[in-house]
Amino acid sequence: NGTSYTNVTTATSITLDFTGGDIAVNTNSISNSAAALTITSDDFTLNSNSGTVAASTLSLTASGDITINSAITTGGVLTISSSGDAKTITVNSAITTGGTTTLQADEIVIANTITATSQRVILATGSGHSDSISLGALDTASNGSLEISDTELDLITASMIEISAGGNITMAASINPANASTLN
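About the criteria used
- Residues numbered from 1 in each chain as written.
- Predicted model: local features only at pLDDT ≥ 70, side-chain atom pairs only at ≥ 80, totals over all residues.
- Heavy atoms only, no water.
- Pairing = 2+ DSSP bridges.
- Helix = DSSP H or I, 4+ residues; strand = E, 2+ residues; numbered from the N terminus.
- Axes fitted to C-alpha atoms, helices over the stretch in contact; angles between N-to-C directions.
- Buried < 20%, exposed > 50% of the residue type's maximum accessible area, 1.4 Å probe, protein only.
- Contact = heavy atoms within 4.5 Å.
- Core = buried A, V, L, I, M, F, W, Y, C linked by side-chain atoms within 4.5 Å.

Trainee: Please set out the sheet that holds strand S13 (residues 133-135) residue by residue, giving values where relevant.
Mentor: Ordered in space as S14-S13-S16, the 3 strands form an open sheet in which the pairing is parallel. Taken across any chain shown, the strands that pair with only one partner, and hence form the sheet edges, are strand S14 (146-148) and strand S16 (169-171). For this sheet, the mean angle separating the axes of adjacent strands, direction not counted, is 20°.

Trainee: Requested: an account of unusual backbone geometry, with residues and values cited.
Mentor: One non-glycine residue, Ala 86, lies in positive phi territory at about 60°. The exposure class of Ala 86 is exposed, given its relative accessible area of 59%. Phi at Ser 118 takes a positive value of approximately 60°, unusual for a residue other than glycine. If you trace the backbone, Ser 118 turns up in strand S12 (residues 114-124).

Trainee: Mind laying out the environment of Gly 98, listing which residues take part and the relevant values?
Mentor: For Gly 98, the location among the structural elements is in the loop between strand S9 (95-97) and strand S10 (101-104). It is 6.9 Å that separates the C-alpha atoms of Gly 98 and Val 77, two residues lying 21 residues apart in sequence. When sequence neighbours within four positions are dropped, the list of residues in contact with Gly 98 reads Thr 74, Gly 75, Gly 76 and Gln 119.

Trainee: How would you explain the side chain of Thr 125 if you had to name every residue and give the values?
Mentor: Position of Thr 125 among the secondary structure elements: in the loop between S12 and S13. For Thr 125, the residues in contact, after removing those within four places along its chain, are Gln 104, Ala 105, Asp 106, Asp 131, Ser 132, Ile 133, Leu 146, Ser 164, Ala 165 and Gly 166.

Trainee: Kindly report on the pairing of S10, identifying the contributing residues and their values.
Mentor: Bridging between strand S7 (residues 78-82) and S10 involves 4 bridges; their strand directions are parallel. The residue bridging Leu 78 from the neighbouring strand is Thr 101, located in S10.

Trainee: Tell me what's going on with the nonpolar core, and back it up with residues and numbers.
Mentor: Of all hydrophobic cores here, the largest spans 32 residues; its most connected members are Ile 72, Ile 80, Leu 103, Leu 123, Ile 148 and Ile 156. A total of 5 residues in this core trace back to one element, the largest contributor, which is strand S5 (residues 44-62). Beyond its immediate sequence surroundings of up to four residues, Ile 80 is in contact with Leu 60, Ile 66, Ile 68, Ile 89, Ile 95, Thr 102, Leu 103 and Gln 104.

Shown next as structure tokens:
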């Protein structure tokens, strides 16, 4: 039970609300570069057949896991947020934004580049959670904290990487972000 589109192009805002269900967006491309795109669901997977998702602003919100398997380009703000306890955002494809980029979840796995040149990238624990962040740690997701490795930080190009935790922020190992002038 789903609707499938090969290419979606529009100049008006799009809101897709799948709250209470899971969604996998499988498309060649979504182009909404003149307006906002908002997608809400329980679990969310973004797949593309070598296409991209482009929007002026993009908001992906889920109560479950979020997996990005398609390149994302925004001219403005990008927010990817999972509010569920012990849920993961996985970035497997390149993200390029012209505004602040926020990834918020109890676990974040960055396996591809996030480019927010002259902008800020915020990595935060899940909304309303008191989870800690362990910088320099490997992504084992076994100790109840958001673990961000130096390798993951090196995949982010931004003027500032902001780390935001509901709990403590600890250093598990040395970090030195290669492509950001400020770590806050």
